[in-house]
Amino acid sequence: MRNPLRRGTAAAAVAASLTFLTLTAAPAQAAVSADHAGMTWTVAAKGADGTVRVSSDAVTNPYQGDTPASATLSVLCLRITGAAVPTGVTPDFYAGWARGTVAATPPVRGTTLTSRAVADNLCVQYYGAGWRMAEFHDGRYGPGLESSGGWSFWAYGYVPEGARLWTAVDDQIANPWN
């Protein structure tokens, strides 16, 4: 009977090396896990004057994310223009005024959003300079709109109703890239 350990071939040496490396190597880090979740928002209301209120809802989880990064959704983009609060919008902590315009990108897989900069650049790619990914705290309220709220905001623009949208949250780990 032949002893398999005495093969003496290059293939046997490579196989032994690979077995050793498999047993001793540290696991590789994944760039963005498809299992990780990102936070999403949707359209809550539309105004007659071209305004839209984008918002969290019962699905949204701003603390751990609510949608797997493997999902393909549009990115909610915002361009702050300094627009004054329109008639009919009364900004408060939970529904501020974003001072600009929102739009949605074509759908992208969350795993491609490897950082906030990547998401911001996607908005620039589709809409131009000054656009970036919208963030949970973009709604402003109070005298001179100096206070920042959360959970939703009003802006001008169009976002498809019924769609879930990747939306950033800067102070939590609920982004597709976290």
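No experiment lies behind these values; they were computed from the predicted model shown. Going along each chain's sequence as written, the residues are numbered from 1 onward. Reporting of local features is limited, given that this is a predicted model, to residues whose pLDDT is at least 70; pairs of side-chain atoms are given and counted only at 80 or more, and all residues count toward the totals for whole chains, interfaces and linings. Values shown for side chains rest on all heavy atoms present in the structure; no hydrogens or waters enter the calculation.

S.K.: Mind laying out the overall build of the protein, listing which residues take part and the relevant values?
M.R.: Within the protein one finds two helices and twelve strands. Helix and strand definitions here come from DSSP, where helices need a minimum of 4 consecutive H or I residues and strands a minimum of 2 consecutive E residues; each element is numbered from the N-terminal end. Element order for the protein, N to C, with α for helix and β for strand: α-β-β-β-β-β-β-β-α-β-β-β-β-β. Contacts are residue-level and defined by heavy atoms, with any inter-residue pair within 4.5 Å sufficient. Here the analysis covers contacts within the protein between residues at least 6 apart in sequence; of these, 75% occur between residues at least 24 apart. Of the accessible surface of the protein, which amounts to about 9600 Å², a share of 57% is contributed by carbon and sulfur atoms. Using a 1.4 Å probe, accessible areas were evaluated by the Shrake-Rupley method; residue-level cover was limited to the displayed protein chains.

S.K.: Go over the pairing of strand β11 (residues 152-157) with me, naming the residues and quoting the values.
M.R.: Paired strands, in this sense, are two strands between which DSSP finds at least two bridges. Direction of pairing for strand β3 (residues 51-55) relative to β11: antiparallel, over a ladder of five bridges. Bridging across to β11, S55 finds its partner in S152. Here strand β6 (residues 96-104) runs beside β11; their pairing, made up of four bridges, is parallel. Within β11, the residue paired with T101 across the bridge is Y156.

S.K.: Mind laying out the pairing of strand β5 (residues 72-80), listing which residues take part and the relevant values?
M.R.: The sheet contact formed by β5 and strand β7 (residues 108-109) spans two bridges and is antiparallel. Within β7, the residue paired with T72 across the bridge is R109. Of the pairings in the sheet, the one linking β5 to strand β12 (residues 165-166) comprises two bridges and is parallel in character. Bridging across to β12, V75 finds its partner in W166. Where β5 meets β6, five bridges bridge the pair, whose relative direction is antiparallel. Across the sheet, residue I80 finds its bridge partner in β6, namely G100. Strand direction decides the pairing type here: β5 and strand β8 (residues 131-133), joined by three bridges, are antiparallel. Bridged to C77 within β8 is M133.

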